[in-house]
Amino acid sequence: MDRGRKLLYISGSVKGKQRERNQDRVYVLDEPGYQMFVIFDGVSSYPESYRYIETFMEFLDGHHHEWLDNEKEGLGQLLYLAYLHCRKTFIAGSTTISALFIPNTTHLPEMVSIGDSRVYAFRKKNMVSLTEDDNVPEMPNILTRWVGHDYLSAEDFRPEEVAYDKQFLLCSDGFYGVMEQNSETFYHALKLPELDKTKEELHRLVEGNNSDDASYILVRIG
């Protein structure tokens, strides 16, 4: 990316109507040489998913310089090591992850997605999902891959390059579940020129309509 380009973002998270605690988390690293955005969707059947995610984020805080600074390309390794660190804690939690890494260099952005959170890109007059859900097609609530069990390998965290787009949306299934029911209104809100107004409108559209925790990060590159 051209170092002179401007990158802006907003985020939000609304507790689901059927949840006692919001187990989603939004994570943003905004460093001089890169930005990293992560949506965590805590698996509700695990009571301490929020603690698992917070431990994961603490690892990212402490170790991202080792793997991402100075144009290093260690996104996948960083996330994998955070996963291994969480395994050692024996916290009864699990999460899905969608991560987008945007370097301030000529390298393309990268993403990692495990579970059913999503990364969207905005193309002309529609949005395109860049990720594939890890679930059973006939039973979308049943995940086939998520972060928290001991069967994942470094290969599961291998990043994929993505093309530059003007706008990216990372979100949990609680968010896009509401968005898909009213796609035109959401698309209009996501394209509002002022991000503060976008944030207000998204909160209005989601709050009270989401049975599950709903979280998002909207990234604009100009």
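Above: the structure in question.
As the structure is a computational prediction, the values presented were derived from the model and not from experiment. (Residues numbered from 1 in each chain as written. Predicted model: local features only at pLDDT ≥ 70, side-chain atom pairs only at ≥ 80, totals over all residues. Heavy atoms only, no water.)

## A look at the layout of surface pockets
Then, number 1: Empty space within the largest pocket amounts to approximately 360 Å³.
Then, number 2: Lining the largest pocket are 18 residues, with Val43, Ser44, Asn141, Asp173 and Asp212 positioned closest to its centre.
Then, number 3: Among the secondary structure elements, those contributing two or more residues to the lining of the largest pocket are strand E3 (34-42) and strand E9 (139-143).
Then, number 4: At four residues, E9 tops the list of elements feeding residues into the lining of the largest pocket.
Then, number 5: Tallied by class, residues from the lining of the largest pocket come to five nonpolar, five polar and eight charged. (1 Å grid on protein atoms, 1.4 Å probe; cavity = no way out; pocket = protein on both sides within 12 Å on 5 of 7 lines; lining within 4 Å. Points joined across faces, edges and corners; volume = space filled by probe spheres on them. Helix = DSSP H or I, 4+ residues; strand = E, 2+ residues; numbered from the N terminus. Nonpolar A, V, L, I, M, F, W, Y, C, P; charged D, E, K, R; others polar.)

## Remarks on the pattern of salt bridges
Then, number 1: Within the structure shown, the criterion is met by ten salt bridges.
Then, number 2: Note that Arg25 is salt-bridged to Glu54, the shortest N-O span being 3.0 Å. One end of the pair, Arg25, is in strand E2 (residues 24-31); the other, Glu54, is in helix H1 (residues 49-68), with 29 residues separating them in the sequence.
Then, number 3: Arg123 is the salt-bridge partner of Asp165, the closest N and O atoms lying 2.8 Å from each other. Here Arg123 lies in strand E6 (residues 118-123) and Asp165 lies in the loop between strand E10 (160-161) and strand E11 (167-171), a separation of 42 residues in the sequence.
Then, number 4: Take Asp165: its relative accessible area is 12%, and that puts it in the buried class.
Then, number 5: Residues joined by salt bridges that share partners form a network here, namely Arg118, Asp133 and Glu180. (Salt bridge = Lys/Arg side-chain N within 4 Å of Asp/Glu carboxyl O. Buried < 20%, exposed > 50% of the residue type's maximum accessible area, 1.4 Å probe, protein only.)

## With respect to the pairing of strand E4 (residues 95-103)
Then, number 1: A large share of E4 lies buried, amounting to nine of its nine residues.
Then, number 2: The alternating pattern of E4 places Thr95, Ile97, Ala99, Phe101 and Pro103 on one face and Thr96, Ser98, Leu100 and Ile102 on the opposite face, and all of these are buried.
Then, number 3: Two elements, E3 and E4, share nine bridges in a ladder whose sense is antiparallel. If you follow Tyr34 over to E4, its bridge partner there is Pro103.
Then, number 4: Pairing between E4 and strand E5 (residues 110-114): five bridges, direction antiparallel. In the sheet register, Phe101 faces E5, and the bridge partner there is Glu110.
Then, number 5: Hairpin connection between E4 and E5: a loop of six residues separates the two successive antiparallel strands. (Pairing = 2+ DSSP bridges.)

## What about helix H5 (residues 195-206)?
Then, number 1: Between its terminal C-alpha atoms H5 stretches 16 Å, which fits the 16 Å expected from twelve residues at 1.5 Å a residue.
Then, number 2: Listing the buried residues of H5 in full gives Leu195, Thr198, Leu202, Leu205 and Val206. Seen from one end, H5 has its buried residues packed into an arc of 90°, which puts them on one side. Residues of H5 that are exposed and point more than 90 degrees away from the buried face comprise Asp196, Glu200 and Arg204.
Then, number 3: In this fold, the buried residues of H5 make contact with strand E1 (7-14), helix H3 (173-179), helix H4 (183-190) and strand E12 (214-221). (Expected span 1.5 Å × (residues − 1). Arc of directions from axis to C-beta. Contact = heavy atoms within 4.5 Å.)

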